[in-house]
Amino acid sequence: METAADRRPVLDVGFDERVPPPKLGLFAVQHLLTLSAIWVFPVLIGITLGLATGDVTHMIQASFLLAGVVTVLQSSRIVRLPIVQGPTAAFFAALLAAGAAYGLDAAFGSMIVAGLIFMLLTIPVGRLGVLIHVLRFATDPLVYGTMCVIIGAQLATLGLPGWFGAEGEPAYGWKLFWIGLITLLTVVACLLLGGTTLIRRAAVIIGMAVGSVLAAVFGLWSLPDMSGVAFVGPPALLPFGFAVAWPAVLLMLLAFLESSAEAVGMYTLVSRWGGTELTRERINRGLFTEYAGSVVGALFGGIGTASYPENAGIVRVTRIGSRFVTMTAGFIAIALAFLPVFSAFVAGLPGAVLAAASTVLFGIIAMSGVQILAAVDWDDLNITVAGTAFILALGGQWLPEAMVATMPDWVRALVTTPMMFGAVLLIVLNAAVNYGLRPMLARR
């Protein structure tokens, strides 16, 4: 049970306090530098699905727009907390799976449909917002922690294999691998030795810069051709078209469920640091805004967002909880969304470098799950729930192709996508065992 001591403020600058302009800009950039997934995830989707640079540029622009708009809304008018939004691994994995199976038109179209469904479940009027009552099943540490581990394991297939580049490229092979290794070591060194400085916050960006320079020096990469790219311009509406695939809708619903669990956790944690009471209505408004933002962002090809733990970490370490800082970071992200020349440059960075830099991100996602699981009471029932879901979810990737081909589309999409299969198994097994079987055994 939460006590008064748990709600005691731990911040030097409160949520509603302002900071001087020079520090405001510095702290805002510090928050923005942690959002490396805004450009890493779109580029990795482009590499995996074989997209043109222009398509990746659209996704980067839209992701900046989506993250910026929702961050500004959350910081200024909605939850009024120093919350920063950015693309989440759940939507990244969902878009990869849906895009490979049905195309990006159906992937983003299905995200729109799923987002509208979640908006209906969180209408911030009276008692209409019912999702908050359901989220306790998804926010259970057993479910959420195991899901993070599963997602990290699923994304591992994009990490180390990508260090060699794409098969068929002139630079494919061991030369790119060594560039990737140096990139990884740079990121790790910045994380371990950067302390609380910007060096640590920008570790992924610094690693990408070092790797790209080395690739250029050894003739393995050249600057992308920017001659046909406008310097200023808005994100494109429906750049991939629009379609809906119901198995993909189910996948996106699960991604929204996971991002919701992450959001509730961040709202609760950050509000506690500022000694602020977080009401159910306030949480509901925040979730509704996240879903609405993701729906609008998907119209432009943006990856769905969640509240970033890394930015919450910045608030805790710097003890600067001013929501005007995160609001400024959101405005900077919006400005970058209207600079296609910047997005096109990022889209043209060497894939091997991005794969190496993202390897650390994927590992952090998995180990964050392990950290969450430390709060679980590991009796036989919980071990059975987590162990069964973990093995089945990952094992679905290697089912015999002849058997997979006989399955209906929605079943095939479910069992071959670890994040999707794992979420369903964890929620069902946890509800059946811990809310059904456990009370029955206790009565006996």
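Source: prediction; values computed, not measured.

Asks: An account of the overall build of the protein is needed here, citing residue identities and associated values.
Replies: In terms of regular secondary structure, the protein is built from 20 helices and two strands. Dimensions of the protein, computed from C-alpha atoms along their principal axes, come out at roughly 70 × 65 × 40 Å. Relative to its full complement of 444 residues, the protein shows a buried share of 53%. Long-range pairs, those at least 24 residues apart, make up 85% of the contacts in the protein between residues at least 6 apart in sequence. Accessible area of the protein: about 18,900 Å², with a carbon and sulfur share of 68%. Looking at the protein, you have 22 positive and 22 negative side-chain charges, and the mean spots of the two groups are 11 Å apart.

Asks: Talk me through the packing of helix 5 (residues 104-121) against helix 11 (residues 246-273); I want residue IDs and the actual numbers.
Replies: Contact geometry of helix 5 with helix 11 gives a least axis separation of 8 Å together with a crossing angle of 55°. One element, helix 5, and the other, helix 11, form an angle in the oblique class. In this structure, the crossing between helix 5 and helix 11 has a hand that is right-handed. Judged by residue contacts, A106, A107, S110, M111, V113, A114, G115, I117 and F118 of helix 5 engage W246, A248, V249, M252, L253, F256, L257 and S260 from helix 11.

Asks: So what's going on with unusual backbone geometry? Which residues, and what values?
Replies: In this model, R80 sits at a positive phi of 55°, which is unusual for a non-glycine residue. Checked against the element boundaries, R80 lands in the loop between helix 3 (53-76) and strand 1 (85-87). A positive phi angle, close to 50°, is found at L238, a residue other than glycine. The topology assignment puts L238 in the loop between helix 10 (203-217) and helix 11.

Asks: So, empty space enclosed by the protein: which residues are in play, and what are the values?
Replies: The full count for this structure, using the stated rule, is two cavities of 30 Å³ or more. Of the volumes computed, that of the second largest cavity is approximately 30 Å³. Of all elements in the fold, only helix 3 and helix 14 (323-337) reach the threshold of two or more residues within the lining of the second largest cavity. When grouped by side-chain class, the residues that make up the lining of the second largest cavity number six nonpolar, four polar and no charged.

Asks: Tell me about helix 15 (residues 340-347), residues and numbers included.
Replies: Here helix 15 has its buried residues at P340, S343, A344, V346 and A347. With its buried residues spanning 160° around the axis, helix 15 presents them on a single face. On its buried face, helix 15 is in contact with helix 2 (37-49), helix 3 and helix 14.

Asks: So what's going on with the side chain of Q154? Which residues, and what values?
Replies: With respect to the secondary-structure elements, Q154 resides in helix 7 (residues 141-155). In contact with Q154, not counting residues within four places along its chain, are A93, L394, T417, P418 and M419.

Asks: Please set out the packing of aromatic side chains residue by residue, giving values where relevant.
Replies: Under the definition given, this model contains 15 aromatic pairs. Considering the side-chain rings of W174 and W178, the 6.4 Å spacing of their centres and the 35° angle between planes classify their relative orientation as tilted. Linking W174 with W178, this pair stays in helix 8 (residues 174-193), spanning four residues, or about one helical turn. With a relative accessible area of 56%, W174 lands in the exposed category. By relative accessible area, which is 48% here, W178 ends up partly exposed. Members of the aromatic cluster, joined through ring pairs, are W163, F164, W174, F177 and W178. The ring of F324 has R18 lying over it, and the distance from NZ or CZ to the ring centre is 4.0 Å. Residue placement shows R323 over the ring face of F324; its charged tip is 4.9 Å from the ring centre.

Asks: Tell me about the side chain of T289, residues and numbers included.
Replies: Looking at the element boundaries, T289 is found in helix 12 (residues 280-299). Excluding residues within four positions of it along the chain, T289 makes contact with V70, L73, Q74 and I78.

Asks: Lay out the nonpolar core with the relevant residues and their values.
Replies: With 137 residues, the main nonpolar core has F92, M208, M252 and M419 as its most contacted residues. Top contributing element to this core by residue count: helix 11, with 14 residues. In this structure, M419 is in contact with A90, A93, A94, M147, I150, I151, Q154, L251, A255 and E258, ignoring residues within four places of it in sequence.

Reading guide: rules and limits
Residues numbered from 1 in each chain as written. Predicted model: local features only at pLDDT ≥ 70, side-chain atom pairs only at ≥ 80, totals over all residues. Heavy atoms only, no water. Helix = DSSP H or I, 4+ residues; strand = E, 2+ residues; numbered from the N terminus. Buried < 20%, exposed > 50% of the residue type's maximum accessible area, 1.4 Å probe, protein only. Contact = heavy atoms within 4.5 Å. Areas by Shrake-Rupley, 256 points an atom, 1.4 Å probe, with all protein chains shown as cover. Lys, Arg positive; Asp, Glu negative; His and termini not counted. Charge placed at Lys NZ, Arg CZ, Asp CG, Glu CD. Axes fitted to C-alpha atoms, helices over the stretch in contact; angles between N-to-C directions. Parallel < 35°, antiparallel > 145°, perpendicular 65-115°, else oblique. Left-handed = near helix turned anticlockwise from the far one by under 90°. 1 Å grid on protein atoms, 1.4 Å probe; cavity = no way out; pocket = protein on both sides within 12 Å on 5 of 7 lines; lining within 4 Å. Points joined across faces, edges and corners; volume = space filled by probe spheres on them. Nonpolar A, V, L, I, M, F, W, Y, C, P; charged D, E, K, R; others polar. Arc of directions from axis to C-beta. Phe/Tyr/Trp six-rings, centres within 6.5 Å; stacked < 30°, edge-to-face > 60°. Lys NZ or Arg CZ within 6 Å of the ring centre and 35° of its normal. Core = buried A, V, L, I, M, F, W, Y, C linked by side-chain atoms within 4.5 Å.

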